[in-house]
Amino acid sequence: MSQFSQHSFANEKVLVRVDFNVPLNDKYEITDDTRMRAAIPTIKKILSDGGSVILMSHLGRPKDGPTEKYSLKHLVPHLQQLLNATGQPNVPVLFADDCIGEKAVLTARMLRPGEVLLLENLRFYKEEEKGDKAFAEKLSRLGDVYVNDAFGTAHRAHASTAVIAQFFPKDKRMFGLLMESEVRSAEKVLHEAQKPSVAIIGGAKVSDKILIIENLLERATDIIIGGGMAYTFIKAQGGKIGNSLCEDDRLDTARELMKKAEAKGVRIHLPSDSIIADKFDANANDSAAPSNNIPDGWMGLDIGENACEQFTNVIHKSKTILWNGPMGVFEMAKFQHGTKAIAKAVAEATQKGAFSLVGGGDSVAAVNQFGYADKVSYVSTGGGAMLEYFEGKQLPGIAAVNA
Ligand code: AMP
């Protein structure tokens with residue numbers, strides 16, 4: 001059992017770093033509350049133990065101190081609703097319009113078991129992003145225990161995500177339930193993978209994914225490369241890619257990655273065919289072509305029918321699956337078939353017992369959009385953080401709690 005689950009928070013004031021960086025529209029309504037919902041189990045456990053919760057988060061990227069647009073006060077009614085829906089009705093949710101200072105200290109001190117206090121946006125202080133030690137120490141005075149449940153910002157060495165941990169003894173600093181499950185899932189894919197193990201990497205740019213592919217060459221048996229980035233690899237092999245996306249300065253890198261894969265016995269799968277378009281537009285004319293023989297003036301915007309079948313076969317044979325990045329321009333109806341087919345294949349493999357993790361930005365959006373989110377083993381909430389984890393980097397937010 002984990003440390004968080006084992007700990008009794010009775011009568012403790014628990015300072016929880018959450019990632020409430022949710023999108024708001026111009027009426028300050030939350031347009032996607034996934035990140036807030038993800039933090040509820042941690043809050044609920046502390047409250048039911050008889051502890052009180054002090055929540056701290058950032059919201060957006062405020063440049064000049066306090067700004068109405070970035071105030072966390074807009075989140076209070078929805079937080080209240082989410083907590084009421086957990087079966088613990090009428091949890092008092094207080095708000096402090098400053099995350100440090102006398103008022104925050106007093107409100108935190110007066111907080112009673114079963115109550116929740118949300119602090120104002122941490123990034124209203126420049127010290128947060130600078131990882132300022134004195135600021136972190138001030139924040140630390142608000143609670144008896146520090147819980148980091150903000151996986152989405154675990155790759156940042158900020159005051160509230162990393163620096164603060166040192167002000168709490170080892171048994172009073174820990175990960176929350178969300179952070180634990182993110183780390184556990186990533187570990188299953190990276191270090192405890194059952195073979196065959198496939199990594200499906202897609203998206204626009206090779207340059208964004210080089211480090212991930214390099215790290216996965218050490219761990220996966222198969223790497224599927226789709227999306228816009230596949231064309232740099234296809235051109236590197238001598239293919240004709242028309243006007244498809246290509247990073248000419250990465251052709252050598254692509255060749256090196258393929259050479260390394262061969263030396264290690266890792267199979268790299270590129271899409272044999274593509275759905276091509278005469279312009280980058282939802283209403284473009286479309287056709288199909290071998291991925292290494294795309295006519296001039298045309299560009300590959302999705303993987304083709306054969307590639308869907310080819311990739312599906314690999315996925316169906318795998319026991320561990322990591323998926324990052326779409327197979328095509330899935331935002332446009334004409335070019336979403338490949339991404340949908342891969343989502344379906346991952347769901348089917350999961351159904352047969354494979355462990356599947358979907359992580360990082362657009363592939364998460366895709367599984368949500370196509371209705372497969374509850375048919376895979378785990379969907380990560382942390383975009384950039386999960387990417388850095390897959391790259392094999394140590395995340396400061398994790399290292400600080402473990403130190
Ligand atoms: P990334 O953020 O690198 O994971 O890339 C995601 C973006 O890549 C999405 O917005 C897709 O529309 C885009 N994308 C995927 N495949 C292609 C392609 N073949 N050509 C151009 N853009 C693509």
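Residues numbered from 1 in each chain as written. Predicted model: local features only at pLDDT ≥ 70, side-chain atom pairs only at ≥ 80, totals over all residues. Heavy atoms only, no water.

## Structural notes on the pattern of salt bridges
Pairing is possible between side chains that carry opposite charge, provided their charged atoms lie close to one another. Within this structure, the stated rule accounts for 20 salt bridges. We note a salt bridge from Glu129 to Arg123, for which the minimum N-O separation is 3.9 Å. Assessed through its relative accessible area of 39%, Glu129 is described here as partly exposed. The exposure class of Arg123 is buried, given its relative accessible area of 8%. Glu180 is the partner of Arg184 in a salt bridge, and the nearest nitrogen-oxygen pair spans 3.8 Å. Of this pair, Arg184 and Glu180 both sit in helix H7 (residues 177-190), four residues apart, roughly one helical turn. Residue class for Glu180 comes out buried when judged on its relative accessible area of 13%. (Salt bridge = Lys/Arg side-chain N within 4 Å of Asp/Glu carboxyl O. Buried < 20%, exposed > 50% of the residue type's maximum accessible area, 1.4 Å probe, protein only. Helix = DSSP H or I, 4+ residues; strand = E, 2+ residues; numbered from the N terminus.)

## What to know about the packing of helix H8 (residues 206-217) against helix H10 (residues 251-264)
H10 packs onto H8 with a crossing angle of 10° between their chain directions and a minimal axis gap of 10 Å. By the angle class used here, H8 and H10 are roughly parallel. In this structure, H8 contributes Ile210, Ile213, Glu214 and Leu217 to the contact, and H10 contributes Thr253, Leu257, Lys260, Ala261 and Lys264. When the residues that make up the contact of H8 with H10 are grouped by side-chain class, the tally is five nonpolar, one polar and three charged. (Axes fitted to C-alpha atoms, helices over the stretch in contact; angles between N-to-C directions. Parallel < 35°, antiparallel > 145°, perpendicular 65-115°, else oblique. Contact = heavy atoms within 4.5 Å. Nonpolar A, V, L, I, M, F, W, Y, C, P; charged D, E, K, R; others polar.)

## Quick look at the sheet that holds strand E3 (residues 93-96)
Backbone hydrogen bonds are what pair the strands of a sheet, in a parallel or an antiparallel way. Ordered by their spatial adjacency, six strands build an open sheet running E3-E4-E2-E1-E5-E6, and the pairing between neighbours is parallel. At either end of the open sheet lies a strand with only one pairing partner, and these are E3 and strand E6 (173-175). Taken pair by pair, the neighbouring strands of this sheet meet at an average axis angle of 25°, ignoring direction. Here helix H2 (residues 34-49) sits on the sheet and contacts strand E1 (13-17), strand E2 (52-56), strand E4 (116-119) and strand E5 (145-148); the angle it forms with E2, its principal contact strand, is near 150°. (Pairing = 2+ DSSP bridges.)

## What to know about the domain arrangement of the chain
It is common to give the size of an interface as the accessible area that goes away when the parts come together. Taken domain by domain, the chain consists of domain 1 (3-175) and domain 2 (183-390). Put simply, the middle of domain 1 and the middle of domain 2, counted by C-alpha atoms, are 36 Å apart. At the interface, six residues of domain 1 touch nine residues of domain 2. Together, the buried faces of domain 1 and domain 2 total about 600 Å²; carbon and sulfur atoms form 74% of this surface. The three residues of domain 1 that bury the most area against domain 2 are Arg35, Phe151 and His155, which together make up 77% of that side's buried surface. Applying the counting criterion to the domain 1 and domain 2 interface returns zero salt bridges. (Domains from an automatic or database assignment. Buried area = accessible area lost by both parts, 1.4 Å probe.)

## Some words on the sheet that holds strand E10 (residues 267-269)
One open sheet accounts for six strands, arranged E10-E8-E7-E15-E16-E17; its pairing is parallel. Of all strands in the sheet, those bounded by a partner on one side alone are E10 and strand E17 (378-379). Both strand E15 (residues 320-324) and strand E16 (residues 355-358) contribute to a ladder of four bridges, which runs parallel. Within E16, the residue paired with Thr320 across the bridge is Phe355. Of the strands in this sheet, E15, E16 and E17 touch H7, which is tilted by about 120° from E16. Helix H11 (residues 305-317) contacts strand E7 (197-201), strand E8 (222-225), E10 and E15 of the sheet and is inclined by roughly 150° relative to E8.

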